[in-house]
Amino acid sequence: MGLIVQKFGGTSVSDDQRIFNVAKIVTKAYSQGNDVVVVVSAQGSTTDDLIAKARGINMHASKREMDVLLSSGEQISVSLLAIAIESMKFPVVSLLGWQAGFHTCLTYGSAKIEKVDSHRIKKELDKKNIVIVAGFQGINECSDITTMGRGGSDTSAVAIAAAMNADACRIYTDVEGVYTADPKIVKNAKKLNIIDYDEMLELSTLGAQVLNNRSVEMAKKYNVEVEVLSSMEDVPGTVVKEMKNVEKRAISGVAADNNIARITVTNIPDKPGFAFKLFSKLSANNIMVDVILQSHGKNNLNDISFTVTNDCLGDAVNILKKYTGNWENSEILYDENVSKVSIVGTGMETQVGIASKMFEALYEAQINIQMISTSEIKVSVLIDSSDTNLALNSIHDKFFR
Ligand code: ADP
Ligand code: ASP
Ligand code: MG
């Protein structure tokens, strides 16, 4: 008996039957004598549908208004789940982010949680209510609704678990846990029983959306043990926690990120300071740059290629065009049809031949590598996005079969 935080993603609450399925999991934990706080995401594709709706009206809607719109998805699902639990004669209350005490920074669209003031949740638990909390949303110091970025409900759940020192934090989703690759794309993917925070953080940052990367960051910071498990099958999932004194895995998984674009600036003068000036223009506009490649050209001119997220592409190209406008022969080229495929493993740095094995898998599948980047615990390649699934399967099978 204790305090249990449960989180259910969009697929898990996508229709009436699934809402009742979730209500059963929730009321079972409550009937066993636990205090239960439940975080819920918007149903199915609601968030995507709302974004499409806004774009149909205005492609440049302000982030503030987008947050007012997108937070409505979670408002629907918390109330529906509470209504289902009411019908089963259990005491229940639903709370929106601001009611549950989620105070965030000012940034609309990707707000960071600054504080969870859990007194209202505690009050409801003292009244023996099951508490259903809207994930993904909070309130900032202007008393405006903010959202935490895609997949943000995972972070809401971990934040509550940390703030209330919960005994368990269970993230229920539509797969049975964290796998060595996305099990919907790689049929030989294997479920991991346990994964270290650092490995999970790297996997989720590199595209494994099963857990939002900020939620893993927060779990690590506050040492919250998170279990990822299925809302449909009652089987053990994957535990995400600090793994001490265990032999590090050379490779823990393979991930892909399609939400990126490649930009190339051609014919940059080969003199000190030009790369600095180019990238400082981007960072001044809050544009994050990832994989960078400079190629040495002729006539003391270089090309520099790098990646940005798709949503920053338009802004990045406009800024660069303005800046490079008076350079002779310099062009800005870009390609949205790229994806970054990565292998991750905290034990990689002590093993030889990991990168070459990955490149061999790509060669055997006849996939061309556009760019490469490495760190102690990952190797990433940029490829044509049409090759993503083939690359994931080929690389995965090279390491895990
Ligand atoms: P939810 O709506 O429950 O938050 P998400 O769609 O955000 O669910 O995340 C779950 C999905 O993550 C799975 O359906 C799966 O396709 C995908 N996924 C990607 N990489 C992995 C991985 N390594 N292990 C498990 N699932 C993964
Ligand atoms: N509904 C939000 C999204 O689709 C938050 C979440 O699912 O975690 O990104
Ligand atoms: Mg998610």
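Residues numbered from 1 in each chain as written. Chains lettered and ligands numbered in written order. Predicted model: local features only at pLDDT ≥ 70, side-chain atom pairs only at ≥ 80, totals over all residues. Heavy atoms only, no water.

**Notes on the site of ligand 2**
Line of reasoning, step 1. Taken together, the residues surrounding ligand 2 are S41, A42, T47, E74, F136, R150, G151, G152 and S153.
Line of reasoning, step 2. Between ligand 2 and the protein, one listed contact pairs a nitrogen atom with a side-chain N or O atom of E74 at 2.7 Å.
Line of reasoning, step 3. With respect to ligand 2, the backbone of G152 contributes an N or O atom lying 3.4 Å from an oxygen atom.
Line of reasoning, step 4. Its free accessible area being 260 Å², ligand 2 has 86% of it covered by the protein chains.
Line of reasoning, step 5. Here the shell around ligand 2 is built from residues that sort into two nonpolar, five polar and two charged. (Near = heavy atom within 4 Å. Polar contact = N/O pair within 3.5 Å; in protein donor to acceptor, adjacent residues only side chain to side chain. Areas by Shrake-Rupley, 256 points an atom, 1.4 Å probe, with all protein chains shown as cover. Nonpolar A, V, L, I, M, F, W, Y, C, P; charged D, E, K, R; others polar.)

**Digging into helix α4 (residues 119-126)**
Line of reasoning, step 1. Those residues of α4 that fall on the buried side of the exposure criterion are I121, E124 and L125. End-on, the buried residues of α4 take up no more than an arc of 100°, which puts them together on one face. What points out from α4, more than 90 degrees from its buried face, is the exposed set H119 and D126.
Line of reasoning, step 2. Buried-residue contacts for α4 involve β1 (3-8), β2 (35-40), β3 (92-95), β6 (130-134) and α5 (153-163).
Line of reasoning, step 3. Positive backbone phi, approximately 70°, marks K128, located one or two places after α4. (Buried < 20%, exposed > 50% of the residue type's maximum accessible area, 1.4 Å probe, protein only. Helix = DSSP H or I, 4+ residues; strand = E, 2+ residues; numbered from the N terminus. Arc of directions from axis to C-beta. Contact = heavy atoms within 4.5 Å.)

**Describing the sheet that holds β6**
Line of reasoning, step 1. Strand order in the open sheet formed by eight strands is β3-β6-β2-β1-β9-β11-β12-β10, and the pairing between neighbours is mixed. Because the sheet does not close on itself, it has two edges, and the strands there are β3 and β10 (194-196). Across the sheet, the axes of successive neighbouring strands diverge by a mean angle of 20°, strand direction being ignored.
Line of reasoning, step 2. Summarising the sheet, β2 and β6 pair through four bridges and their orientation is parallel. Within β6, the position partnered with V38 by the bridge is I132.
Line of reasoning, step 3. Contacts from helix α3 (residues 63-87) reach β2, β3 and β6 within the one sheet, and its direction differs from that of β6 by about 165°.
Line of reasoning, step 4. Each of β10 and β12 (238-241) touches helix α6 (residues 197-205); the most contacted strand, β10, lies at about 85° to it. (Pairing = 2+ DSSP bridges. Axes fitted to C-alpha atoms, helices over the stretch in contact; angles between N-to-C directions.)

**What about the side chain of T155?**
Line of reasoning, step 1. Along the chain, the position of T155 falls in helix α5.
Line of reasoning, step 2. Once you skip the residues sitting within four places of it in the chain, T155 turns out to touch I113, N212, R214, S215 and M218.

**Points about the nonpolar core**
Line of reasoning, step 1. Membership of the largest hydrophobic core comes to 69 residues, with the highest contact counts inside it found for I121, I343 and I395.
Line of reasoning, step 2. In contact with I343, other than residues within four places in its own chain, are I251, G253, V254, M348, I354, M358, I377, K378, V379, I395 and F399.
Line of reasoning, step 3. Listed in part, the 24 residues of the second largest apolar core include F8, Y30, A82 and I130. (Core = buried A, V, L, I, M, F, W, Y, C linked by side-chain atoms within 4.5 Å.)

**So, the pattern of salt bridges**
Line of reasoning, step 1. Tallied over the full model, the rule gives 14 salt bridges.
Line of reasoning, step 2. In this structure, the salt-bridge partner of K128 is D35, at a minimum N-O distance of 3.9 Å. Of this pair, K128 sits in the loop between α4 and β6 while D35 sits in strand β2, and the two are 93 residues apart along the sequence.
Line of reasoning, step 3. A residue is classified by how much of its surface remains accessible, and K128, at 48% relative accessible area, is partly exposed.
Line of reasoning, step 4. Among the ionic pairs, R64 bridges to E65, the shortest N-O distance being 2.8 Å.
Line of reasoning, step 5. One continuous salt-bridge network, built from bridges that share partners, spans R64, E65 and D144. (Salt bridge = Lys/Arg side-chain N within 4 Å of Asp/Glu carboxyl O.)

**Quick notes on the packing of aromatic side chains**
Line of reasoning, step 1. On inspection of all chains with the given rule, the structure shows five aromatic pairs.
Line of reasoning, step 2. A centroid spacing of 5.4 Å and a plane angle of 70° characterise the contact between Y323 and W327, whose relative ring orientation is edge-to-face. As far as the burial class goes, Y323 and W327 line up, both buried.
Line of reasoning, step 3. Site record: aromatic cluster; members linked through ring pairs are F274, Y323 and W327. (Phe/Tyr/Trp six-rings, centres within 6.5 Å; stacked < 30°, edge-to-face > 60°.)

**Digging into the site of ligand 1**
Line of reasoning, step 1. If you check the shell around ligand 1, you find 16 residues, and the closest are T173, D174, Y179, D182 and K184.
Line of reasoning, step 2. Interatomic distance of 2.7 Å between a side-chain N/O atom of K184 and an oxygen atom of ligand 1.
Line of reasoning, step 3. Contact between ligand 1 and Q209: an oxygen atom at 3.5 Å from a main-chain N or O atom of the residue.
Line of reasoning, step 4. In the shell around ligand 1, the residues fall into seven nonpolar, five polar and four charged.

**Notes on the sheet that holds strand β15 (residues 301-309)**
Line of reasoning, step 1. With antiparallel pairing, the six strands of this open sheet are ordered in space as β14-β15-β13-β16-β18-β17. Two strands lie at the open edges of the sheet, namely β14 (292-296) and β17 (371-375), each paired on one side alone. Neighbour-to-neighbour, the strand axes of this sheet turn through a mean angle of 30°, independent of strand direction.
Line of reasoning, step 2. As paired strands, strand β13 (residues 253-269) and β15 are joined by eight bridges and run antiparallel to one another. Paired with V265 across the two strands is I304, which belongs to β15.
Line of reasoning, step 3. Packed onto the sheet, helix α10 (residues 354-364) meets β16 (332-344), β17 and β18 (378-384) and runs at close to 20° relative to β18.

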